[in-house]
Amino acid sequence: MFGYLQTTFAIVQLCGGPVFGRFGDIFGSRAALTLAFISAAVSYFILGAADSVGLLFLSRLPSVFMHAIQGELENCLSFSLVFNI
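Model, not experiment: these values are computed from the prediction.

Caption draft 1: Layout of the overall build of the chain. The secondary structure content of the chain amounts to four helices and zero strands. Helices and strands in the chain line up, N terminus first, as α-α-α-α. Within the chain, contacts between residues at least 6 apart in sequence are counted, and of these 61% link residues at least 24 apart. Accessible area for the chain stands at about 5800 Å²; split by element, carbon and sulfur atoms hold 71% of it.

Structural data, given as C-alpha cells:
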C-alpha cells in the first residue's frame, strides 16, 4: 500500500508541475509560494486527520501545488550556509 501512496504522490506532482509553473508566471512568485505553503498545510492536515486509506490518498491531492517548497527551502538553506546567518 505504501508503494501505491508514493506513486500517487509522484504522479500528482508530475501532473501539477506545468500547472504550478503557469500559475507562478501569471501571478508571480509570492503568490506561488503562498499557494505552495497553503497546499502543504492542507495536505498535512488531511494526512494527520486520516483514519482510512482513502483519506491518505486524498491527502496527496493538494501536493499538485507544492513544487516551490523544496526549491525555496534549498535556496534558504544554501544562503544561510554560505553567509552564516
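Caption draft 2: Highlighting the packing of aromatic side chains. For the structure shown, the criterion picks out one aromatic pair. Centre to centre, the rings of Phe23 and Phe27 are 4.8 Å apart; their planes meet at 45 degrees, and the pair counts as tilted. Here Phe23 pairs with Phe27, and both are found in helix H1 (residues 2-27), just four residues apart, close to one helical turn.

Caption draft 3: Region of the structure containing the packing of H1 against helix H2 (residues 29-49). Running from N to C, H1 and H2 cross one another at 140 degrees; their axes reach a closest spacing of 7 Å. For the element pair H1 / H2, the angle class is oblique. Each of Phe20, Phe23, Gly24 and Phe27 in H1 lies in contact with H2, whose residues at this interface are Ser29, Ala31, Ala32, Leu35 and Ala36. Looking at side-chain class alone, the contact of H1 with H2 contains seven nonpolar, two polar and no charged residues.

Caption draft 4: Quick look at H1. In this model H1 runs 35 Å from its N-terminal to its C-terminal C-alpha over 26 residues, within 8% of the 38 Å that 1.5 Å per residue would give. Gly16 marks where H1 bends most, by close to 40 degrees; the proline Pro18 follows one to four residues later. Where H1 is concerned, the buried positions are Leu5, Phe9, Val12, Gln13, Gly16 and Phe20. Where H1 terminates, the next one or two residues include Gly28, which has phi positive at roughly 100 degrees.

Caption draft 5: Inspection of the confidence of the model for the chain at higher detail. The pLDDT averaged across the chain works out to 78; a share of 79% of its residues lies at or above 70. When mean pLDDT is compared element by element in the chain, helix H3 (residues 53-58) scores highest at 87, while helix H4 (residues 67-83) scores lowest at 54.

Caption draft 6: Region of interest: the side chain of Ser59. Looking at the secondary structure, you find Ser59 in the loop between H3 and H4. Setting aside anything within four residues of it in sequence, one finds Ser59 in contact with Ser43, Ile46 and Leu47.

Caption draft 7: How the structure looks around the environment of Ala40. Relative to the helices and strands, Ala40 is located in helix H2. Ala40 gets classed as buried once you look at its relative accessible area, which sits at 4%. As a C-alpha pair, Ala40 and Met66 span 26 residues in sequence and 6.2 Å in three-dimensional space.

What counts and what doesn't
- Residues numbered from 1 in each chain as written.
- Predicted model: local features only at pLDDT ≥ 70, side-chain atom pairs only at ≥ 80, totals over all residues.
- Heavy atoms only, no water.
- Helix = DSSP H or I, 4+ residues; strand = E, 2+ residues; numbered from the N terminus.
- Contact = heavy atoms within 4.5 Å.
- Areas by Shrake-Rupley, 256 points an atom, 1.4 Å probe, with all protein chains shown as cover.
- Phe/Tyr/Trp six-rings, centres within 6.5 Å; stacked < 30°, edge-to-face > 60°.
- Axes fitted to C-alpha atoms, helices over the stretch in contact; angles between N-to-C directions.
- Parallel < 35°, antiparallel > 145°, perpendicular 65-115°, else oblique.
- Nonpolar A, V, L, I, M, F, W, Y, C, P; charged D, E, K, R; others polar.
- Expected span 1.5 Å × (residues − 1).
- Bend = angle between axes of the 7 residues up to and from the residue.
- Buried < 20%, exposed > 50% of the residue type's maximum accessible area, 1.4 Å probe, protein only.
- pLDDT = per-residue confidence, 0-100.

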